[in-house]
Amino acid sequence: AKLALKRHSNKPRRKVAATTAMLADVMAHSNLSVWKDLLCMTAISFGFFFLLRASEYLGSHQGAYLDYVVRVGSLTFLDSQGRLLNPAHDDLNNSHELIVNIPGSKTDLYNHGQRLNIHLSSEALNPLRLILAMWRSTPAHFREPNRFLFQYGSGPLHRDVVSSILK
């Protein structure tokens, strides 16, 4: 009877909460002029500041929840006057606010999704600041609305890549 109560696998590993100091350390060790480093740093900042589940902005090897992963078309850019900016032909350097439409998640029972926003700030970790760095680096990436926002290769950036950077 006691064997039934005993764990037959290893203990679960303790999760460590991410902090802005951890993100600053990751940024200090990143070369943001390299697309993969910029992509990873932006994804980490994006997930942290918007409090997203990994399945809402990253891919996994199982491919589950790909319908919920944020796409380029999920972003709305506004200038300081609240006017809409179109990534296909407007200068996104004039962006002062980013609105993200999260299409849904595994915890969104009614699949209503949610809209989240953040304003531009002078902080290096600011997600909009990093998204704009992505846009300046590769503007063509933002002309395809169905492309994964954090696309690396032919699919979304995988959570294993981001997890290994944070460790």
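Think of each chain on its own: its residues are numbered from 1, step by step along the sequence as written. Local features in this predicted model are restricted to residues of pLDDT 70 or higher, and side-chain atom pairs are both shown and tallied only at a pLDDT of 80 or more, whereas totals for entire chains, interfaces and linings draw on every residue. Side-chain figures throughout are based on the complete set of non-hydrogen atoms in the structure, without hydrogens or water.

Draft legend 1. Molecular detail of the nonpolar core. Grouped together as the largest cluster of nonpolar side chains are 37 residues, with contacts concentrated most on F46, L75, L98, I131, L149 and F150. Numbering goes from the N terminus for both helices and strands, where a helix is a DSSP run of H or I of at least four residues and a strand is a run of E of at least two. Within the residue set of this core, elements represented by two or more residues are α2 (20–28), α3 (35–49), β1 (75–78), β3 (97–102), β4 (114–119) and α5 (127–137). Throughout, a contact is declared for two residues whenever any of their heavy atoms are within 4.5 Å. Contact partners of I131, with chain neighbours within four places excluded, come to T42, F46, L75, F77, L98, F142 and L149. Take the buried Ala, Val, Leu, Ile, Met, Phe, Trp, Tyr and Cys residues and link them wherever side-chain atoms come within 4.5 Å; each set so joined is a nonpolar core. Partly exposed residues are those whose accessible area sits between 20% and 50% of the maximum for their type, while under 20% is buried and over 50% is exposed, using a 1.4 Å probe and protein chains only.

Draft legend 2. Seen up close, the packing of aromatic side chains. Aromatic rings from Phe, Tyr and Trp, with only the six-membered ring used for Trp, were paired whenever their centres fell within 6.5 Å, and each pair was classed as stacked if the ring planes differed by under 30 degrees, edge-to-face if by over 60, and tilted otherwise. As enumerated under the stated definition, the model contains four aromatic pairs in all. An angle of 75° between the planes, with centres 5.2 Å apart, marks the rings of F46 and F150 as edge-to-face. Here the residue F46 occupies a position in helix α3, and F150 occupies one in the loop between α5 and β5 (151–152), the gap between them amounting to 104 residues. Judged by relative accessible area, F46 falls into the buried class, the value being 0%. Ring geometry for F48 against F49: centres 5.2 Å apart, planes inclined by 80°, an arrangement best described as edge-to-face. Residue classification places F49 among the partly exposed positions, given a relative accessible area of 35%. Pairwise contacts between aromatic rings join F46, F50, Y57 and F150 into one cluster.

Any link to function would need more than the numbers given here.
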